[in-house]
Amino acid sequence: MCNKLSFHRFFLRGILFLTSAILVSALATADATETSNHDSLTVKQHLIKWMLTDQKFIDKAVLGSRSEIELSQLALEKAQALRVRDFAKAMVHDHTAADTELGVIAQSKNLPVPAALDGEHQYDVNRLKNLSDAQFDAAYIDLMRQDHDSAVSLFAAAANDDKLAPELREFA
């Protein structure tokens, strides 16, 4: 059972990594603003690491994942471009699997997971719901890029944070 669980985690991380790599390569542009954003990531990661607890990591990771699931489900309905709908489908699949895995870890540590999106994430969902179909694709992709950058900072900080439970560091 342990080997099966380890393989499953390895497989899910591979899928998430591949999805992230596809997102970055398909959507990123190499300009000066990205260079300055990359330089500030280290500072952001240090700030996140300094403030991170097991519960805060679970809250942030679950809210981010569930937000991306909800936004991607919306994209399956509203997106005009097939490429965007395909990406949204992969996001729903990958983040649902990651959310489930994190839920199991949280339950094993008796830590609650957020039951609903917080105000910030719900605002993003509502904003995209109200866009015309023609405006939706670009706004969705832009928001996914922002969410990806935030997730990278959170997970990089968590993976290197000795204060976090080993299972959460491994998940990150």
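Scroll up a little and you will see the structure.
About the criteria used
Residues numbered from 1 in each chain as written. Predicted model: local features only at pLDDT ≥ 70, side-chain atom pairs only at ≥ 80, totals over all residues. Heavy atoms only, no water. Helix = DSSP H or I, 4+ residues; strand = E, 2+ residues; numbered from the N terminus. Buried < 20%, exposed > 50% of the residue type's maximum accessible area, 1.4 Å probe, protein only. Contact = heavy atoms within 4.5 Å. Areas by Shrake-Rupley, 256 points an atom, 1.4 Å probe, with all protein chains shown as cover. Phe/Tyr/Trp six-rings, centres within 6.5 Å; stacked < 30°, edge-to-face > 60°. Salt bridge = Lys/Arg side-chain N within 4 Å of Asp/Glu carboxyl O. Core = buried A, V, L, I, M, F, W, Y, C linked by side-chain atoms within 4.5 Å. Axes fitted to C-alpha atoms, helices over the stretch in contact; angles between N-to-C directions. Parallel < 35°, antiparallel > 145°, perpendicular 65-115°, else oblique. Left-handed = near helix turned anticlockwise from the far one by under 90°.

(A) Representation of the overall build of the protein chain within the structure. In terms of helices and strands, the protein chain carries seven helices and zero strands. Each helix and strand of the protein chain, ordered N terminal to C terminal, gives the series α-α-α-α-α-α-α. Going through the 172 residues of the protein chain one by one, you find that 36% of them count as buried. Within the protein chain, contacts between residues separated by at least 24 positions form 82% of all contacts whose residues are at least 6 apart in sequence. A total accessible area of about 10,200 Å² is found for the protein chain, and carbon and sulfur atoms account for 60% of it.

(B) Seen up close, the packing of aromatic side chains. Taken as a whole, this structure holds five aromatic pairs when the rule is applied. Ring geometry for Phe87 and Tyr140: centres 6.3 Å apart, planes at 65°, overall edge-to-face. Here the residue Phe87 occupies a position in helix α4 (residues 82-108), and Tyr140 occupies one in helix α6 (residues 133-159), the gap between them amounting to 53 residues. Ring geometry for Phe155 versus Phe171: centroids 5.9 Å apart, planes at 45°, classification tilted. With a gap of 16 residues between them, Phe155 in helix α6 and Phe171 in helix α7 (residues 166-171) connect regions that are remote in the sequence. Put simply, the rings of Phe57, Phe155 and Phe171 touch in pairs and so form one group of aromatic residues.

(C) Examining the pattern of salt bridges more closely. For the structure shown, the criterion picks out three salt bridges. Notably, a salt bridge pairs Arg66 with Asp99, separated by 3.1 Å at the nearest N-O pair. One end of the pair, Arg66, is in helix α3 (residues 54-78); the other, Asp99, is in helix α4, with 33 residues separating them in the sequence.

(D) Focus on the nonpolar core. Leu71, Ala75, Phe87, Leu128, Phe136, Tyr140 and Met144 are the most contacted members of the largest nonpolar core, which has 18 residues in total. Every element with two or more residues in this core is listed here: α3, α4, α5 (119-129) and α6. Looking at which element gives the most residues to this core, the answer is α6, with six residues. In this structure Tyr140 touches Leu71, Ser72, Ala75, Val84, Phe87, Ala88, Met91 and Leu128, once residues within four positions along its chain are discounted.

(E) Structural detail: the packing of α5 against α6. It is at 10 Å that the axes of α5 and α6 come closest, and there the two elements cross at 160°. With respect to α6, the element α5 is oriented roughly antiparallel. Helix-helix and strand crossings are classified by hand; for α5 and α6 the assignment is left-handed. Two secondary-structure elements touch here, α5 through Asp124, Arg127 and Leu128 and α6 through Phe136, Ala139, Tyr140 and Leu143.

Everything listed here is a matter of geometry and, on its own, says nothing about what the molecule does.
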